[in-house]
Structure formats: C-alpha cells, structure tokens
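Results of the structural survey
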Amino acid sequence: MDKRKLFFRLAPKCLISILAFMVVLDLCGDSLAASPAPATIKLGCVNALTGPVSIGGSWIKQGYDIAVKHINADGGVFVKEYGKKIPIEIIYQDNESNPRKTAERMEKLYSIDKVNFFLGGFAQFLIVPQLAIAEKYEVPFIGTTLGSTAEFSRGYKYTFTPFQAEQDQVISFLDVLDSIAKNQRPQKIAFFEVQEEWGEATGKYLQQFSKERGYQMVTQEKYAIASNDFSSLIVKAKGDGAEALYTNPTPPQGIRLIKQMKELSWAPKITLIMRAADLEAWTQNLGKDGDYILHEGGWDYHLKLPGVQKFNEDYRADYKLNPTPPAGTAYACIQIFADAISRAGTLDPKKVRDAIAATNMTTVMGPMTFAPNGRGQGKYLRLMAQWQKGKDELVWPPDTASAPLLFPTPPWNER
Amino acid sequence: MFQTLAYGILNGLLYSIIALGISLVFGVMRYLNIAHGSLIILGSYGSLYLFRFGIDPFVSIPILMISLFLAGIALFELLYSNFVDLVEGLRVQKSLLVSFGLMLVIDNGATLIWTSDEKSITPFYSGMSFELFKGFHVPVIGLAGGVLAILVILALHLFFTRTYFGKSVIAVSQDPEAASLMGVNVKRAFLISFGLSVCLGAIPSVLVGLQAFSPSVGIQWFNKGIIVVMLGGLGNIYGVFPAGLFLGIVEAVSVFFFGAPYREITGLVIFVLVLILFPRGLFGKIPE
Amino acid sequence: MKKLLLILLIVFLISLPLVVKSQYILSLMITLFIYVVLAESWNLLGGYTGQVSLGHGAFFGVGALVTRLLWINKIPILLSLPLGGIGAALLAAIVGIPCFRMRSAYFPIGTLALSMIALLTVSNVFISAGALSPQLLKSYEIFSRYYLALFIVLLSILTIHYLVRSRPGLAIVAIRDNEKAAAAIGIKTLKYKTLALLTSTFLAGLAGGIYAYQHVSYYYDAPFDLTWSFTAPLTTFIGGISTIAGPIVGSLCFLALSEIFAVTLGQVHVLIFGFCFILIVLFLPGGLLSMKTETLKNIRKRIEKAKVDS
C-alpha cells in the first residue's frame, strides 16, 4: 500500500488514542481520591535522584525512608477522623538536579498521584521553586536544607522548614570564635562570597554580626559558581592579614580551594568551609590536607538527643555509612508531619497547616517550634563540626561535643 | 597579579591540550565530538582507580593513553563510521547529535556507577609549589602539566612532519579525495586519528583528576576546548597552543579589571569579539 | 486530506482543556508549545536560512526576563509578552548581526558563546529566585495560559509558513543553498539574514515570555540555561530540518520520551534516553519525518550496512 496513505491512516488513530489515554489518566486520578479512609498518607517529594547533586538527593531519601519505616512499624499515624492508624507513603519524582524540571514533576505529584502533602528534596536551589507551587495549591510543604530567610519573607503560609537559617550559621561561627581565649582569638575575618542567594545573604549577616561583636571583616571577595581558580582571592586575603576564613563553595570548588591554599602557603588559624566539607568524600579526596576545616550542615549524628541513636543504628545498618546532616533534617521533617497530622486529627490541608505552625516537639534536631514565617527555631540549630585526623567530630555546642576544637590550624609545612 | 597570571598560563596550557584532541578530529574528518570532555572525565576515573592501587597519576598517563586510544577506535567503529561518506556540512551536524547522545550515556552511566560525588586525586606532592620569590608560587602539578603539554605538541609536530602516517593524516585533512587517489587509506586515517584524539585526552584526564571532578563536569572542559579551537582557527592544529595561552591569560588578567565573578564572562566576550573582528580566528588557515 | 488532519488537530488542541482537567497534562502541553515555538523559531534561522545558531537560549531567556519583570510589575501579560519578544529581537540586533561577520563554520560556536555569556551574566546579576507574590498566586489559573500559548504556537507556525513562501522566503532559502551564488545574483544577503534573525529571535522571545507566565517560581537564569540552546536544534534535527512539521514532531517525541522515561524508569532514565537518542540519529538520518517515506526495509538495509562496515 502507498506509504503516504498508510501514514495518513495511522495518524488520526494515533491522535485519538492519545486523547483517550489522557482522558483515562485524568479519570484514574479522580477515582483514587474518591474513597473515604485512604490506604496511605501520601507525601510527594520531588528530589534529585539523578544528575550532579544526586548524591545529596540520596541522603535526603535515606533519611525520609528510615523515618517512614520507624513510623509505619507501629502501624502509622493515628488520624482521628478515620479512627485508625494510617501508614505513610512517600512518592518520589526526579528533577534531574535541574530546577526547571521541578515544577512539572510537582504538578504530576499533585494532579496525578494526588498527594496529601509535600516534602522538599535536596539543595536549596532545587527546593526554592517548589515553595510557590505548594502555596499555589495550598498544600503544606516541609522542606529540608533551606537556609534562606528571604524565601520565607514572601508571606507564604504553607511552607515550613526545620532547618537552621543563614543567621544561625553565621552565629554558630562567631560563637565558636568567641569561645577562643582572648589572647589567641582571630580578629580579622576573610569572607569569600559565592555568587548565589546563600552566599550573598551569608555575607550580609556576617558583616553585620561580626561588626557587632568587635571583629573585622578585612576581606570580602566574590567568586562565580562556575569558577575554580581562587588564587586572586587567596592572595588578597593573605595580603589583608586575615586570620579566619568563611566561605560556602560547591564540593569541587572546596577541593580546589584547599589545594590552592596549600600551593600558595596560606593556612588561616581557623577556616569554615560550608557545604563542600560536609561530605565523607572530603577526607577521602584530600586526606590530611582536609583536616582542621570546620563545617556544619544543620545537624550532626554526634548530637546526644532522643531518637538519634536509633536513627544512627538503623541508618548504618541499611546504608553502611554515618548519617549525613541532610539525612537527619529529613528524618525530622517526617517526625513533624506525623506529629502535626495526629494533632490535627485529619488530612485536611488547612488544618494540618495550622497544626504544623503550632508544633512544639522534640525531634532528632532537638526541640522544635516554628516562627510565623515558617522557619524552624531550636537550640541545636547552632552547631559546628571539624575534620580531625580524617574523622568528623562535633565540636560545638560544648555540651554535645564529641571532641574539643582544634585551634589554631598549623601552617602547611608543619603538618 | 603575577600569581594569578601564573595560574592563568598553566590553565591555558591545559585548555590547549583539551583543544588539541577536539581540533584533530575536526580538522581531519570534520566531526565535532561533544563527548570529548566526558571521555576525559572517564580517564580521570581510570586514573583514580590506578592511584588507589598505588600508581602515581603521572605514571598512569601511558596506561590511560593506550586505553583511551582503544576506546576511541571502538567508539569510532561503533558510532562514527556510519556517516563518513556524508557531505561536510551534514557530517558536523550528525557527529554533533551522536556525540550529544554519547555524552548523555557516558555522564549518566558514570553517575550510576560512581555516584555524582566529587572525586579528587591527592598524591603526596599535591599542594607543593616552588616559591620563586616572595609571594610568588609556582605549583608543582601545574608546572608538570604545562611541561607535558608542550612536549606533546612537539611530539605531535614530529609525528605529522616526519612519519608517513602523520603526513597522510595531514593530507586527508586537506583533501580526502586527493589523498585517497594517492593511495592513502582514508578510512584507516580517520579511525586512527579519532583514536589519537581520544588518547590525547589522557593528559587532561590526569590534570583534571588532580584538581576535582565528577560525572557531569565533562561538558565544561569541552566548552573551554572548543573556544580555544575556534580562537586558534578551525583546522589549525598548532594554533591551539597560542590560543589556549591567550584564553588563560585573558581570564587571569580580567580578574583585576572586573573581579573574580566575571572571569569566565570576560573570556567569552573576548572570544566573541575576536571572532567578529578576525573571522578566521587568530591564526586561522582554513579557507571558506 | 492533509487539510482535514490539520483541522482535526487544531480542534483537538482547542478542546483539550475542556475535557482534561489535570493541571499536570495542561502544564505539560504548555511546555510542549514552548518547545515547538522555540524549535520553529530556530528552524527559520537554522533550517531555512542555513545559519545554525547554538545560542537561542539567550533570546529565549531575554524574552522570559523582560516579560516576567514587566508582568510582576503590574503590566498586563498581553503587553508584556510581545515586549519580551521585542526585547529578544533587540538583543539579536545588537549582538547577533555582528555575528554574521563570522565564517559560517564559526557561527554556531560564536552564538553558543553568546548564550554562555548571557547565562553567566544573569546568574551573577539576578541571584534570587523570582517567585510570585501570594496575590499573584491566588489569581493563577492554567486555562488562560494554555490558550495564550496555543495562540502563540499557531501564530509562529503561520508566520513562518507564509514567510518561507514569500519573496523574502525565496531569498532566504537561496542564501542557505549557496550564499556566494545568491550574492552573485544580486540578493542582499545581509538584509535577508537579518530579517530571518530578527523574526526568529522575536518568536524565541515570545516562547520565553510564555515560560515566564507559566512558571510560578524559578531562578532568573533558568530560561538562559544552555539546554534551551541545545534542545531547539536537537529536536529540529530529529524531527526533520527545513520543514514546518519537523520541529513539531521532534519536540513532541523528545518531550514525550524524556517525560515518560523520567516518570517511569527511575534512576536509569537519562541513560536510556541517551541510547534511544543515538539509535534514532544513526538509523533515521532524515529525522523522524522521513519515516513517512522510509520503510522498515530501508532501515534494515542500513543496519546491515553498518554491520558489514565494521
């Protein structure tokens, strides 16, 4: 048969079947929400399952999964409206580490999977686009590693995060500095500002708070997220006589920074490298060159808080590594949801939202409440860890520390 | 100022070597291999494994060169030999598409096997530098890389001018039909050239490995390489050397005028300006 | 027969939101429309005029940026959108026209560099995300956006269709086929290349504007991402270059395939997508549209040839 005729005969059939498929998909979606007591409480999570930050995505997923395992072991969350315990189910969608794909996948979770609530995935730049969508649909959202205060100043009502704010991070650093004996204390701080939201905000707070406490920010130099040459910044900081360094590089930049600091013989007395130094890989990649570096990711498995030990044991059993900071934050998010749902007694989004706002409980991150803008508040949101001889130790606050702070950092040729 | 310049020069030499591989393939067979960066990263993983077995990264270069050469030949046979007979314009397009798919496969395959975690090779001499005078350090690794780059370019020059095969490759790049009339096995020349181009990636593999790498960064190195290829003039293999240095120095100097965040942008802007003002590239030889 | 199919398709698209209420599907359709407009606009410059641009992301991004900034500052979308297109065309006039001075082999990489410059600049200047205020969120609804996007798609396709068949269109195609010969017979090549460029970038800017209107929250550098620069030529090549239907078919398959894989396959989805992509490129050289004239026999022949050669 003539090929052109064949094509034209097939095409309308294809079109009609596509239309039918979509109608069916839509109807299926409807029917799932029709039954009275749902089989599971559905939490939708758009996470980085593939792509450049998928390693962080896996930590978040691990934290969530263990939390859900613990809660479902008991039968689930008791929902008064249905008079029974309902287990939690998390439906994951991949955003390929790409903030552009986040919106589509969230729409799918909402329209097709009909999730009840939203969970955040990994990395601030990937979570931020999700906040507005949750607000649009008026569905409660609890996100993980969101430090930004600006993103919680838009007047949104449905978004929450138990994670520390940028201010908490800066305050932790300055608290650690304050704890050093006056005659040894570094006075001059260098800040390398990464050109993204987080970097800019940190710079702003560091400038303000350090001045209030009598420190001097002698160097504030910017660098792009794409760049990997820090020589000009290091030379400047050295020239300004900086004794302390604070910066938030991406993992490859962190490694490059340390190597160049060594090449240029610069070892400030105390160095805080956020994000890049959080990974286990930090010490695998750098060996002893990575020692003495401070870092913190909002939570630490050394914290002596209720629930942490059980979490650590199960995590190590399942995944063969120590729980990372994002995993702990993720676990807490599930705890908060479970607690809020049982207090609300229903799965109604508005009532659960109000219940979350009124949270006052102890999570693996410590005691937790929420400010009116949705940001978490808690004593143990300010902490600091340090790499010592290839091991990660918690050095602040002193009442939960696993090892004392190593100060000052010896120069490179003395190690 | 001089410190940053030093780093700029060493970076520039790294860019040159990456560009060399891309330029070789493009010059000889008019293929654009976007996956070149990803192949370099594969080499970096190879170097990492060899390092874990105690083999120093620089020592691993010959091993990597052989492996990458074989990989290059295999890839050519599998993917690129299909459209050797196409018209030149179509060849660029086709090879672009195929190498895009290849890049997706390599990058995501690598992520599945090794996770997207950053990796870095840190031998005992990492971070060491020669302090030539107060405040001016020349990093050992960077210097070694630069020296290697120069040696490779010299070796390639000898290859192209002194060996029969090298001369036949040049002939093929100038006019495949004439070359085949003179008895050159064009298909074999393409095959070996492609393998050679991937094999040249072994040196950047090790240098990048000594910095930091992860599965997704291949394309960033390719971008630098292609800019250098263009600056040096498409089809001009020797042009990549000065062009690479040019880019490295421009980036370093720009830090002092515009600040560090605009380092990459300045390089790109200069690149575009050069192409507009010097349509053949800085040292271009290829005719319209 | 062809006309009937076309009418059926348009009726189908117009009536879709009335039948399918799912926000997800409608949002996906809008994304498809954006892909189609971007690909068609690229094809005008690349397929019909022979100027392969790898920098359309910059124009898409500028369109999105201008539209977004105007719209959240209370300028109605029906005004912000065309202004976005004009903004993109303006950028093209300033930086794109000088690029015509480059050798034809350099134009793709030169435009790619432009795209990178735009991305890096916007990332450094606009650091925070642009999220809608609670008021704008409350007034968000998908139907008007769908129809606006559909209108822009039809508008672009009609524009290109008539442009290609007009006298300037003849000149444009002549330039693609052999620029020197065209100049030799008196065609003012720069004038027509500029016409193609400005039209192409205007449409790309409109596509960007739709993006800005559709998404509630995104980082300002998201529409400048290099993947937009690559997706336009990729989908067009796959679908069939220099045709009107090519970009449509290519975009549909590209988007459908990557979305279905993403939603169903889990961690390996991009890997599998890459494999499928390579297979399509190797065994369907004319693009998907050529499937009309290709038969299974031809494809089998090509596979055999590939086996014999190696």
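Residues numbered from 1 in each chain as written. Chains lettered and ligands numbered in written order. Predicted model: local features only at pLDDT ≥ 70, side-chain atom pairs only at ≥ 80, totals over all residues. Heavy atoms only, no water.

1. What to know about the overall build of chain B
Of regular secondary structure, chain B possesses 12 helices and 2 strands. Compactness check: chain B gives a C-alpha radius of gyration of 19 Å against a globular reference of 19 Å for 288 residues, within 12% of the reference. The principal-axis extent of the C-alpha atoms belonging to chain B is close to 60 × 50 × 35 Å. The buried share among the 288 residues of chain B stands at 61%. At a minimum sequence separation of 6, the contacts of chain B that also span at least 24 residues come to 76%. As displayed, chain B has an accessible area near 10800 Å², and 73% of this comes from carbon and sulfur atoms. Counting 14 positive and 13 negative side-chain charges, chain B places the averaged centre of each group 6 Å from the other. (Helix = DSSP H or I, 4+ residues; strand = E, 2+ residues; numbered from the N terminus. Rg over C-alpha atoms; globule rule 2.2 N^0.38 Å. Buried < 20%, exposed > 50% of the residue type's maximum accessible area, 1.4 Å probe, protein only. Contact = heavy atoms within 4.5 Å. Areas by Shrake-Rupley, 256 points an atom, 1.4 Å probe, with all protein chains shown as cover. Lys, Arg positive; Asp, Glu negative; His and termini not counted. Charge placed at Lys NZ, Arg CZ, Asp CG, Glu CD.)

2. With respect to the overall build of chain A
Looking only at helices and strands, chain A has 12 helices and 17 strands in total. For a compact globule of 415 residues, the expected C-alpha radius of gyration is about 22 Å, and chain A comes in at 24 Å, within 12% of that figure. The principal-axis extent of the C-alpha atoms belonging to chain A is close to 80 × 65 × 40 Å. Here chain A, with 415 residues, has 63% of them falling under the buried criterion. Across chain A, every contact between residues at least 6 apart in sequence was considered, and the portion connecting residues at least 24 apart equals 67%. Surface exposure of chain A reaches about 15200 Å², of which carbon and sulfur atoms provide 55%. Across chain A, the mean location of the 48 positive side-chain charges is 3 Å away from that of the 45 negative side-chain charges.

3. Some words on the sheet that holds strand β15 (residues 376-377) of chain A
Residues and elements named next belong to chain A. Pairing is antiparallel across the open sheet formed by 3 strands, whose spatial order is β13-β14-β15. The sheet is open, and its two borders are formed by β13 (361-363) and β15, each paired with just one other strand. When strand β14 (residues 366-370) meets β15, the two strands line up antiparallel, connected through 2 bridges. Residue pairing for β15: Phe 370 is matched across the bridge by Gly 376. With respect to the sheet, helix α11 (residues 325-344) is in contact with β13 and β14, its orientation differing from that of β13 by roughly 150°. (Pairing = 2+ DSSP bridges. Axes fitted to C-alpha atoms, helices over the stretch in contact; angles between N-to-C directions.)

4. Looking at the interface of chain A and chain B
Between chain A and chain B, the residue contacts involve 32 residues of the former and 30 residues of the latter. Here chain A and chain B share an interface that buries about 2600 Å² over both sides, 53% of which is from carbon and sulfur atoms. Joining chain A to chain B, the criterion identifies 0 salt bridges. Across the contact surface, chain A and chain B share 16 residue pairs in polar contact (both at pLDDT 80 or more). At 8 residues, helix α8 (residues 251-263) of chain A tops the list of elements feeding residues into the side of chain A that touches chain B. Per-class residue counts for the side of chain A that touches chain B are 14 nonpolar, 10 polar and 8 charged. (Buried area = accessible area lost by both parts, 1.4 Å probe. Salt bridge = Lys/Arg side-chain N within 4 Å of Asp/Glu carboxyl O. Polar contact = N/O pair within 3.5 Å; in protein donor to acceptor, adjacent residues only side chain to side chain. Nonpolar A, V, L, I, M, F, W, Y, C, P; charged D, E, K, R; others polar.)

5. Side note on the packing of helix α10 (residues 218-232) of chain B against helix α11 (residues 240-258) of chain B
Residues and elements named next belong to chain B. Axis separation between α10 and α11 bottoms out at 8 Å; the angle between their running directions is 120°. Of the possible angle classes, the one that applies to α10 and α11 is oblique. The crossing of α10 and α11 is right-handed. Residues Lys 224, Ile 227, Val 228, Val 229, Leu 231 and Gly 232 of α10 pack against Val 240, Ala 243, Gly 244, Phe 246, Leu 247 and Glu 251 of α11. (Parallel < 35°, antiparallel > 145°, perpendicular 65-115°, else oblique. Left-handed = near helix turned anticlockwise from the far one by under 90°.)

6. Some words on helix α4 (residues 124-137) of chain A
All names here are of chain A. Over its 14 residues, α4 runs 21 Å from end to end, which matches the ideal 20 Å to within 8%, given 1.5 Å per residue. Burial of α4 is extensive: 13 of the 14 residues sit out of reach of the surface. The positive-phi residue at the C-terminal boundary of α4 is Glu 138, with phi of around 55°. (Expected span 1.5 Å × (residues − 1).)

7. Considering the interface of chain C and chain A
Listed per partner, the contact involves 48 residues of chain C and 45 residues of chain A. With both chains or domains summed, chain C and chain A bury close to 4100 Å², and 66% of this area falls on carbon and sulfur atoms. Here chain C and chain A share 3 salt bridges between them. Taken together, chain C and chain A are joined by 7 residue pairs in polar contact (both at pLDDT 80 or more).

8. Section: the nonpolar core
Ranked by internal contacts, the top residues of the largest apolar core, which has 215 residues, are Leu 20, Phe 76, Tyr 80 and Phe 271 of chain B together with Tyr 146 of chain C. For this core, the leading source of residues is helix α2 (residues 23-48) of chain C, giving 17 residues. If sequence neighbours within four positions are ignored, Phe 76 of chain B has contacts with Met 29, Tyr 31, Ser 81, Val 84, Phe 190, Leu 191 and Phe 194 of chain B. Ile 41, Tyr 64, Ala 123 and Ala 327 of chain A belong to the second largest nonpolar core, which has 60 residues in total. (Core = buried A, V, L, I, M, F, W, Y, C linked by side-chain atoms within 4.5 Å.)

9. What about the confidence of the model for chain B?
All names here are of chain B. Mean pLDDT over chain B stands at 86; residues scoring 70 or higher make up 95%. Here helix α7 (residues 176-181) stands out as the element of chain B with the lowest mean pLDDT, 80, in contrast to helix α2 (residues 36-52), whose mean of 94 is the highest. The ipTM for the predicted assembly is 0.85, set against a pTM of 0.85. (pLDDT = per-residue confidence, 0-100.)

10. A short note on helix α12 (residues 263-277) of chain B
Here α12 of chain B spans 21 Å end to end across 15 residues, near enough to the 21 Å set by a 1.5 Å rise per residue. Here α12 of chain B lies mainly inside the structure; 11 of its 15 residues are buried. Buried within α12 of chain B we find Arg 263, Glu 264, Ile 265, Thr 266, Gly 267, Leu 268, Phe 271, Val 272, Val 274, Leu 275 and Ile 276 of chain B. On its buried face, α12 of chain B sits against α1 (2-29), α10 and α11 of chain B together with α4 (77-99) and α5 (107-125) of chain C.

11. Overview of the pattern of salt bridges
Here the structure, examined in full by the defined rule, presents 30 salt bridges over all chains. One salt-bridge network, in which partners are shared between bridges, spans Glu 96, Lys 101, Glu 104 and Arg 105 of chain A together with Glu 259 of chain C.

12. Looking at empty space enclosed by the protein
Summed over the entire model, instances satisfying the criterion amount to 8 cavities of 30 Å³ or more. In this structure, the second largest cavity is lined by 19 residues; those nearest its centre are Arg 256 of chain A together with Ile 141, Gly 142, Leu 207 and Gln 211 of chain B. (1 Å grid on protein atoms, 1.4 Å probe; cavity = no way out; pocket = protein on both sides within 12 Å on 5 of 7 lines; lining within 4 Å. Points joined across faces, edges and corners; volume = space filled by probe spheres on them.)

13. Let's talk about the sheet that holds strand β11 (residues 270-273) of chain A
Residue and element names in this part refer to chain A. Taken together, the 7 strands give an open sheet; going across it, the order is β9-β8-β10-β11-β12-β16-β17, and neighbouring strands pair in mixed fashion. Only two strands of the sheet have a single partner each, and these edge strands are β9 (216-223) and β17 (391-396). Strand-to-strand twist of the sheet, defined as the mean angle between neighbouring strand axes without regard to direction, takes the value 25°. The pairing of strand β8 (residues 188-194) with β9 spans 7 bridges and is classified as parallel. When the sheet's bridge partners are listed, Phe 192 is paired in β9 with Glu 221.

14. What to know about a nonpolar patch on the surface
Residues and elements named next belong to chain B. A cluster of nonpolar side chains, Phe 130, Leu 132, Phe 133, Leu 143, Val 147, Ile 150, Leu 151 and Leu 154, forms an exposed patch at the surface whose accessible area comes to about 760 Å². Counting only elements with at least two residues in the nonpolar patch, the list comes to β1 (129-133) and α5 (140-162). With 5 residues, the single largest contributor to the nonpolar patch is α5. For Leu 154, the location among the structural elements is in helix α5. (Patch = residues over 30% accessible without salt bridge, like charges linked within 9 Å, V, L, I, M, F, W, Y side chains within 5 Å.)

15. Some words on the packing of α5 of chain B against helix α6 (residues 164-174) of chain B
To describe two helices that pack against each other, one gives the angle between their axes and the distance between the axes. Residues and elements named next belong to chain B. Look at α5 against α6: their axes get within 5 Å of each other, and the N-to-C directions meet at 85°. In this view, α5 runs roughly perpendicular relative to α6, as classed from their interaxial angle. Residues Phe 159, Phe 160, Thr 161 and Arg 162 of α5 pack against Tyr 164, Phe 165, Gly 166, Lys 167, Val 169 and Ile 170 of α6.

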